[in-house]
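# Chain and residue survey
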Amino acid sequence: QVQLVESGGGLVQAGGSLRLSCAASGVRFSSIRMGWYRQTPGKQRELVAIITSGGYINYADSVKGRFTISRDNAKNTVYLQMNSLKPEDTAVYYCNAVSQSVVSYWGQGTQVTVSA
């Protein structure tokens, strides 16, 4: 059974930083695509960043230059370093894994709140 457990969310002032972590289990981590998405009330969940098993990375335009996604295959963990945070980054952040058979898994989400 695949499990994704996020951590690292919290409250931070604008301009501050947070690092989110997502630990995966029950999956061949090195072979799967990992990503971070976020969602605010009344809006659709949106892509923040993805990193493939081969190291290809893509970011949403709104976070380019401020956020960095990385993965540690030895620890089965993906990270999202968030710098220069803005109030509009406030959201629930979800970890996502897509297996080689194109099955998508989601974590429970972690709240990030950026105060002005």
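Structural notes, computed from the coordinates.

About the thresholds
Residues numbered from 1 in each chain as written. Predicted model: local features only at pLDDT ≥ 70, side-chain atom pairs only at ≥ 80, totals over all residues. Heavy atoms only, no water. Disulfide = S-S within 2.5 Å. Helix = DSSP H or I, 4+ residues; strand = E, 2+ residues; numbered from the N terminus. Buried < 20%, exposed > 50% of the residue type's maximum accessible area, 1.4 Å probe, protein only. Pairing = 2+ DSSP bridges. Contact = heavy atoms within 4.5 Å.

### Thoughts on the state of the cysteines
Using the criterion set out here, one finds 1 disulfide in the structure. Each sulfur of the disulfide joining C22 and C95 lies 2.1 Å from the other. Sign of the S-S torsion, about -80° for the bond between C22 and C95, identifies this disulfide as left-handed. Here C22, found in strand 3 (residues 18-25), pairs with C95, found in strand 9 (residues 91-98); they are 73 residues apart in sequence, far enough to count as distant. This pair shows no difference in class: C22 is buried, exactly as C95 is.

### Observations concerning the pairing of strand 11 (residues 110-115)
The two faces of the sheet receive side chains in turn, since in a regular strand these alternate between them. Burial of strand 11 is one-sided: the residues T110, V112 and V114 facing one way are buried, the residues Q111, T113 and S115 facing the other way are not. Bridge analysis of strand 2 (residues 10-13) against strand 11 gives 4 bridges, and the strand direction is parallel. Bridge pairing links Q13 to S115 in strand 11. The pairing of strand 9 with strand 11 spans 3 bridges and is antiparallel. Across the sheet, Y93 pairs through a bridge with T110, a residue of strand 11.

### Points about the environment of Q3
With respect to the helices and strands, the residue Q3 is situated in strand 1 (residues 3-7). As a C-alpha pair, Q3 and Y37 span 34 residues in sequence and 16 Å in three-dimensional space. Once residues lying within four places of it in the same chain are set aside, the contact partners of Q3 are A23, A24 and S25.

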